[in-house]
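Analysis of the macromolecular model
Single-letter residue listing:
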Amino acid sequence: MPKKAVPVVAAFVRDVSGRILLARRPPGKARAGLWEFPGGKVKPEETPEEALKRELQEELGVSAEVGQKLASVTHDYPEVTIELSLYEALIKGPVVPQEGQEVAWFKPRELFDLELCPADRKLLKILETCI
Ligand SMILES: Nc1nc2c([nH]c(=O)n2[C@H]2C[C@H](O)[C@@H](COP(=O)(O)OP(=O)(O)OP(=O)(O)O)O2)c(=O)[nH]1
Ligand SMILES: [Mg+2]
């Protein structure tokens, strides 16, 4: 039986110079230390957009407008299968990490050299011609 994928939403946020916002997964979480697009799991009662707004508020202390879905991938980790969907998002106000996590803005080409979560490698492959 194929495992049921857990829906995960993540944000593609750019600054005025075109750099992209990433966060580093905090110690103690799965895939600690790897870079990811900010976001998290969608709760059963939420739409993906609602979940992403909640996650950006909880993790980065910002409100956000969620735009179009850019790409989505399925990935099998040892303990979970995820369906990771990346949405364009506009954030309001300064990013203040709420979980002690490192956050940083990267130029598009810098993303390819980072230690990313494996699912994000697949996303990048899809996005590489348009970022
Ligand atoms: N947020 C996010 N999660 C990702 C990305 N790439 C990737 O493989 N993941 C994985 C890591 C986790 O196994 C899962 C998302 O879980 P999470 O830990 O962020 O979920 P959450 O914020 O709801 O946190 P928690 O309440 O479960 O601790 O998806 C990504 O770009 N962003
Ligand atoms: Mg998260």
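Residues numbered from 1 in each chain as written. Chains lettered and ligands numbered in written order. Predicted model: local features only at pLDDT ≥ 70, side-chain atom pairs only at ≥ 80, totals over all residues. Heavy atoms only, no water.

1. A closer look at the environment of Val 80
Tracing the sequence through the fold places Val 80 in the loop between strand S5 (63–76) and strand S6 (81–92). With near-sequence residues (within four places) excluded, Val 80 lies in contact with Val 6, Arg 31 and His 75. (Helix = DSSP H or I, 4+ residues; strand = E, 2+ residues; numbered from the N terminus. Contact = heavy atoms within 4.5 Å.)

2. Remarks on the packing of aromatic side chains
With the rule as written, the count across this model stands at two aromatic pairs. Taken together, a centroid distance of 6.2 Å and an interplanar angle of 50 degrees make the contact between Phe 12 and Phe 37 tilted. Of this pair, Phe 12 sits in strand S1 (residues 6–12) while Phe 37 sits in the loop between strand S3 (35–36) and strand S4 (39–41); the two residues are 25 residues apart in sequence, bridging distant segments of the chain. Taken individually, Phe 12 and Phe 37 each receive the classification buried, so the pair is uniform in this respect. Aromatic pair Trp 35 and Phe 106: ring centres 5.1 Å apart, planes at 85 degrees, arrangement edge-to-face. One end of the pair, Trp 35, is in strand S3; the other, Phe 106, is in strand S7 (residues 103–106), with 71 residues separating them in the sequence. The burial state of Trp 35 is the same as that of Phe 106; both residues are buried. The side chain of Arg 31 reaches across the aromatic face of Tyr 77, ending 3.4 Å from its centre. (Phe/Tyr/Trp six-rings, centres within 6.5 Å; stacked < 30°, edge-to-face > 60°. Buried < 20%, exposed > 50% of the residue type's maximum accessible area, 1.4 Å probe, protein only. Lys NZ or Arg CZ within 6 Å of the ring centre and 35° of its normal.)

3. Points about the site of ligand 1
Surrounding ligand 1, one finds 18 residues, the nearest of these being Arg 31, Phe 37, Lys 41, Tyr 77 and Asp 120. Backbone polar atom of Phe 37 to a nitrogen atom of ligand 1: 2.6 Å apart, as the coordinates give it. Tyr 77 is positioned such that a nitrogen or oxygen atom in its side chain is 2.5 Å from an oxygen atom of ligand 1. The protein chains hide 83% of the 620 Å² of surface that ligand 1 would expose on its own. (Near = heavy atom within 4 Å. Polar contact = N/O pair within 3.5 Å; in protein donor to acceptor, adjacent residues only side chain to side chain. Areas by Shrake-Rupley, 256 points an atom, 1.4 Å probe, with all protein chains shown as cover.)

Taken by themselves, the reported measurements are silent on function.
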